[in-house]
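Report on the structure
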Amino acid sequence: MLRSVAVIALPDVAVFELGVLCELFGYDRTAEGLPSYEFAVCSVDGAPVRTHAGFSISPAHDLGPADEADLVAVVPGTNDREPPAVVLDALRRAHARGAWVMSVCTGAFTLGAAGLLDDRRCTTHWRHADALAARFPLAKVDPDVLYVADGNVITSAGTASAVDCGLHLIREEQGSAVATQLARRMVVPPHRDGGQAQFIETPVQPIECDTLQPLLTHVLETLDQPHTVDTLAAEAHMAPRTFARKFRAETGATPHDWLTGQRVLLARRLLEESDLGIDTIAVRAGFGSAATLRHHFGHRLDTTPQAYRSMFRTRTH
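Source: prediction; values computed, not measured.

With that settled, the discussion passes to empty space enclosed by the protein. Counted according to the given criterion, the structure contains 2 cavities of 30 Å³ or more. Size it by volume and the largest cavity reaches roughly 60 Å³. What lines the largest cavity is L24, F25, Y27, R29, L34, P35, Y37, I170, V178 and L182. Mapped onto the lining of the largest cavity, the elements with two or more residues apiece are helix 1 (15–25) and helix 6 (176–186). For the lining of the largest cavity, a count of residues per class yields 9 nonpolar, no polar and 1 charged.

Turning our eyes to something else, we now look at the sheet that holds strand 1 (residues 4–8). Strand order in the open sheet made by the 6 strands is 2-1-5-6-10-9, with mixed pairing throughout. Each edge of the open sheet is held by one strand with a lone partner, namely strand 2 (38–42) and strand 9 (147–150). Sheet twist, expressed as the average angle between the axes of neighbouring strands with direction ignored, equals 15°. The pairing of strand 1 with strand 5 (residues 71–74) spans 4 bridges and is classified as parallel. Residue pairing for strand 5: V7 is matched across the bridge by A73. Contacts between helix 1 and the sheet are confined to strand 1, strand 2, strand 5 and strand 6 (100–103), with strand 2 contributing the most and set at about 165° to the helix.

Moving on to the nonpolar core. Grouped together as the largest cluster of nonpolar side chains are 36 residues, with contacts concentrated most on L21, L24, F25, L71, M102 and I170. Mapped by element, the contributors of at least two residues to this core are strand 1, helix 1, strand 5, strand 6, helix 5 (161–174) and helix 6. At 6 residues, helix 5 tops the list of elements feeding residues into this core. Apart from residues no more than four positions distant in its own chain, L71 is found in contact with L2, S4, V5, A6, F25, W100, M102 and L169. Within the second largest apolar cluster, 31 residues are counted, among which are A99, L111, L116 and L117.

Bringing the pattern of salt bridges into the picture now. In the structure shown here, the tally under the stated rule is 8 salt bridges. When the shortest N-O distance is used, the salt bridge between R29 and E23 registers 2.7 Å. The exposure class assigned to E23 is partly exposed, which follows from its relative accessible area of 24%.

Axis separation between helix 5 and helix 6 bottoms out at 7 Å; the angle between their running directions is 150°. Judged by the inter-axis angle, helix 5 sits roughly antiparallel to helix 6. The residues of helix 6 that touch helix 5, namely those facing V163, L167, I170, R171 and Q174, are S176, V178, A179, L182, A183 and M186. When the residues that make up the contact of helix 5 with helix 6 are grouped by side-chain class, the tally is 8 nonpolar, 2 polar and 1 charged.

The rules we used
- Once a new chain begins, its residue numbering starts again from 1 and follows that chain's sequence as written.
- Given that the model is predicted, a residue must reach a pLDDT of at least 70 before its local features are reported, and side-chain atom pairs must reach 80 or more before they are shown or counted; all residues, however, enter totals for whole chains, interfaces and linings.
- To get the side-chain values, all heavy atoms of the structure are used, and hydrogens and water are removed first.
- The definitions used throughout rest on a 1 Å grid laid over the protein atoms alone, on which a cavity is an enclosed set of points accommodating a 1.4 Å probe that cannot get out and a pocket is an open set flanked by protein within 12 Å on both sides along at least five of seven lines; lining residues are those having an atom within 4 Å of a point.
- Grid points are joined across faces, edges and corners, and a volume is the space filled by probe spheres set on the points.
- Helix numbers and strand numbers start at the N terminus; a helix is a DSSP run of H or I with at least 4 residues, a strand a run of E with at least 2.
- Gly counts as polar in this scheme, as do all residues outside two lists: the nonpolar Ala, Val, Leu, Ile, Met, Phe, Trp, Tyr, Cys and Pro, and the charged Asp, Glu, Lys and Arg.
- Strand pairing requires that DSSP identify at least two bridges connecting the strands.
- For every element, the axis is a line fit to its C-alpha atoms; helices are fit only across the contacting stretch, and the angle between N-to-C directions ranges from 0 to 180 degrees.
- Pairs of residues are marked as contacts when any of their non-hydrogen atoms sit within 4.5 Å.
- Side-chain atoms within 4.5 Å are what join buried Ala, Val, Leu, Ile, Met, Phe, Trp, Tyr and Cys residues into a set we call a nonpolar core.
- Per-residue accessibility, obtained with a 1.4 Å probe over protein chains only, is compared with the maximum for each type, and a residue is labelled buried under 20%, exposed over 50%, and partly exposed between these values.
- Between Lys or Arg on one side and Asp or Glu on the other, a salt bridge is scored when a side-chain nitrogen of the former is within 4 Å of a carboxyl oxygen of the latter.
- Oblique is the label for every angle not falling under 35 degrees (roughly parallel), over 145 degrees (roughly antiparallel), or within 65 to 115 degrees (roughly perpendicular).

Okay, here's the thing in structure tokens:
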């Protein structure tokens, strides 16, 4: 049973992410029928910690509570230097005794430095996923999801996904009724599955490459037109197999995968910025039909075009 929580704050601690953990676990809501937790914000030697916003906080605890807590959470701080050895040791001890170990956003870098992401699925904010994978090559980084629980290590993506991650943990430990009531108290959705996609902002633009740049630019200008490996190879004056090898070498993707990705990106932009109907967007993005658009949207983003528009539609009035 989840009864005690220790949050480790590192230098340049992120204020919002720390606040999320305080909101989830740091309030006594027993009068509302919700459980309470022994909650401690910790730092090395209990010293004040400067936040990324420029002010400092004064934790009431050193790292001692992390040796007994049921959950030890790491809030993101500075990622360009090695975390203190005493913090890494505290995390390893918590993991070894079976406590939950959780990172919020780029706090995953601290778990990686402790060796807790080796051969383990994990995530972080999509902007830092490549850096996490490069620094810790044994980690199985999934840049597309909101959170991942692998054994007793749970990692979350950027910013607000910490709410989803925390509610998931509470749901696992104390049941759906508690998690739902707490979500209602916090005025947030009671459940977003960890596998839901992070909505990565990627502009519709060609990949910089050596010889295919003019062709990619042309394709982006004519996404509503039919394009195949054969037609693209002909425009590049190459045999189809030679073109496919060249395309993968220069872009890192197959022609079909790259083209589908660019069409999804265009559809996202049209859903956000225009009043066009789904059928019209499907044609303009080159999918031909709303059914095909929905298929690829679901495969790439784990949502529907209409749901995406509801979340991200640019308001003009």
